[in-house]
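Each chain, written out:
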Amino acid sequence: ADLVMAADEVVAVSKDMVTLCESTRTVGIINSHVIPTADFILNRDFNFQSRKLTSVLETELRQASSFYDFTKPAEALLGDSIATNIMMLGYAYQKGLLPLSAKAILQAIEVNGVAIKMNTQAFQLGRLAAADPARLADMMKDQDETAPPKALDAMSLDEIITHRMGHLTLYQ
């Protein structure tokens with residue numbers, strides 16, 4: 001493959017995917033955002049070993065590859081992690097990795113007819129991430145930072161009960 005765009009590092013290092021990569025040919029646009037797997041659902045403190053995943057990908061892809069958390073700006077600026085995919089497309093386009101014009105991509109977004117405004121903005125934000133990442137970071141400065149969840153073994157009994165009550169309330 002000339003280009004691998006992976007919204008999930010776990011999937012990107014799968015055997016099927018890695019066999020398509022050639023370290024002197026394949027460029028990767030990899031979303032470095034950690035996406036929960038089934039192991040995480042069963043064990044909230046599961047160690048993703050994302051550094052190991054990144055290391056495997058760095059070996060299999062050209063040095064010109066990019067590892068960037070596309071999900072964070074998608075959620076912060078557009079309110080939906082689904083915009084991650086189109087942001088990655090904009091990033092790849094801006095890096096000159098797609099044999100298409102911006103006009104053709106934007107027309108395809110419009111013809112698709114789904115979340116046209118959000119997808120157009122996501123494409124432009126992806127281009128900005130490639131061309132001027134500092135400016136994109138500045139745009140996100142005013143967004144609320146959410147603290148990572150506390151590990152279960154660091155919670156008091158009352159905190160665990162409150163945490164699980166919240167989940168059960170949302171579920172039913």
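Everything below is about the structure printed above this text.
Attention here is on the structure that accompanies the text. Every chain is numbered independently, its residues counted from 1 as its sequence is written. Local features in this predicted model are restricted to residues whose pLDDT is 70 or higher, and side-chain atom pairs enter the listing and the counts only when it is 80 or higher, whereas totals over whole chains, interfaces and linings include all residues. Only heavy atoms go into the side-chain values, all of them from the structure, while hydrogens and water stay out.

**Section: the overall build of the protein chain**
Then, number 1: Each helix and strand in the protein chain was counted, giving 10 helices and three strands.
Then, number 2: Secondary structure counts use DSSP, requiring at least four H or I residues in a row for a helix and at least two E residues in a row for a strand, with both numbered from the N terminus. Moving toward the C terminus, one meets the helices and strands of the protein chain in the order β-α-α-β-α-α-β-α-α-α-α-α-α.
Then, number 3: We call a residue buried when its accessible area falls under 20% of the maximum for its residue type, exposed when it is over 50%, and partly exposed in between, using a 1.4 Å probe and counting protein chains only. Residue burial in the protein chain is summarised as follows: out of 172 residues, 31% are buried.
Then, number 4: Residues count as neighbours in contact if any of their non-hydrogen atoms are within 4.5 Å of one another. In the protein chain, the proportion of contacts linking residues at least 24 apart, taken out of those at least 6 apart, comes to 65%.
Then, number 5: Counting only carbon and sulfur atoms, one obtains 55% of the accessible surface of the protein chain, whose full area is about 11,000 Å². The protein chains shown are the only cover counted for residues, whose accessible areas, like all others here, come from Shrake-Rupley with a 1.4 Å probe.

**Description of the packing of aromatic side chains**
For any pair of aromatic rings, the description rests on two quantities: the centre-to-centre distance and the angle between the ring planes.
Then, number 1: Side-chain rings of Phe, Tyr and Trp, where Trp is taken by its six-membered ring, are said to pair if the distance between their centres is within 6.5 Å; with planes under 30 degrees apart they count as stacked, over 60 as edge-to-face, and otherwise as tilted. Throughout the structure, instances matching the rule amount to four aromatic pairs.
Then, number 2: Taken together, a centroid distance of 6.1 Å and an interplanar angle of 25 degrees make the contact between Tyr-68 and Tyr-91 stacked. One end of the pair, Tyr-68, is in strand β3 (residues 66-68); the other, Tyr-91, is in helix α6 (residues 84-94), with 23 residues separating them in the sequence.
Then, number 3: Judged by relative accessible area, which is 7%, Tyr-91 ranks as buried.
Then, number 4: With a centroid separation of 5.7 Å and 45 degrees between ring planes, the pair formed by Tyr-93 and Phe-123 is classed as tilted.

**As for the side chain of Thr-26**
Then, number 1: Within the element layout of this structure, Thr-26 appears in the loop between α2 (15-18) and β2 (27-31).
Then, number 2: Under the relative-accessibility criterion, Thr-26 is labelled buried at 0%.
Then, number 3: Of note is the side chain of Thr-26, whose polar atom sits 2.5 Å from the backbone oxygen of Ala-1. Whenever a nitrogen or oxygen atom comes within 3.5 Å of another N or O atom, the pair is scored as a polar contact, on the condition that within protein one atom can donate a hydrogen and the other can accept it, and that pairs from neighbouring residues in sequence are kept only if both atoms are in side chains.

**Notes on helix α7 (residues 102-112)**
Then, number 1: Considered for burial, the residues of α7 that qualify are Ala-102, Ile-105 and Ile-109. End-on, the buried residues of α7 take up no more than an arc of 70 degrees, which puts them together on one face. Exposed positions of α7 whose direction lies more than 90 degrees from the buried face are Lys-103, Glu-110 and Val-111.
Then, number 2: Each element contacted by the buried residues of α7 is listed here: α6 and α8 (116-131). Throughout, the arc means that of the directions going from the helix axis to the C-beta atoms.

**Topic: the nonpolar core**
Then, number 1: Put simply, buried Ala, Val, Leu, Ile, Met, Phe, Trp, Tyr and Cys residues joined by side-chain atoms within 4.5 Å make one nonpolar core. Counting residues in hydrophobic clusters, the biggest one holds 23 residues, and the most contacted among them are Met-87 and Phe-123.
Then, number 2: Listing elements by their share of this core, those giving two or more residues are α5 (71-78), α6, α7 and α8.
Then, number 3: Looking at this core element by element, the count peaks at seven residues for α8.
Then, number 4: Those residues in contact with Met-87 that sit more than four places away from it in its chain are Phe-70, Pro-73, Ala-74, Ala-122, Leu-125, Gly-126 and Leu-136.
Then, number 5: Val-4, Ala-6, Ile-30 and Leu-61 belong to the second largest nonpolar core, which has five residues in total.

**A closer look at the packing of α5 against helix α9 (residues 133-140)**
Then, number 1: It is the contact of α5 with α9, at a shortest axis distance of 10 Å, that shows an interaxial angle of 45 degrees. Judged on the interaxial angle alone, α9 and α5 are oblique. Judged by the sense of rotation from one axis to the other, the crossing of α5 with α9 is left-handed. Across from Lys-72, Pro-73 and Leu-77 in α5, the residues of α9 making contact are Leu-136, Met-139 and Met-140.
Then, number 2: Looking at the contact of α5 with α9, its residues break down into five nonpolar, no polar and one charged. In this description, a line fitted to the C-alpha atoms serves as the axis of each element, helices being fitted only across the stretch in contact, and the angle between N-to-C directions of two axes falls anywhere from 0 to 180 degrees. An angle counts as roughly parallel when it lies under 35 degrees, as roughly antiparallel when it exceeds 145, as roughly perpendicular when it falls between 65 and 115, and as oblique in every other case. Here is the rule for handedness: rotate from the far helix to the near one, and if that takes an anticlockwise turn smaller than a right angle the crossing is left-handed, while a clockwise turn gives right-handed. Residues are grouped as follows: Ala, Val, Leu, Ile, Met, Phe, Trp, Tyr, Cys and Pro are nonpolar; Asp, Glu, Lys and Arg are charged; all remaining types, including Gly, are polar.

Any link to function would need more than the numbers given here.
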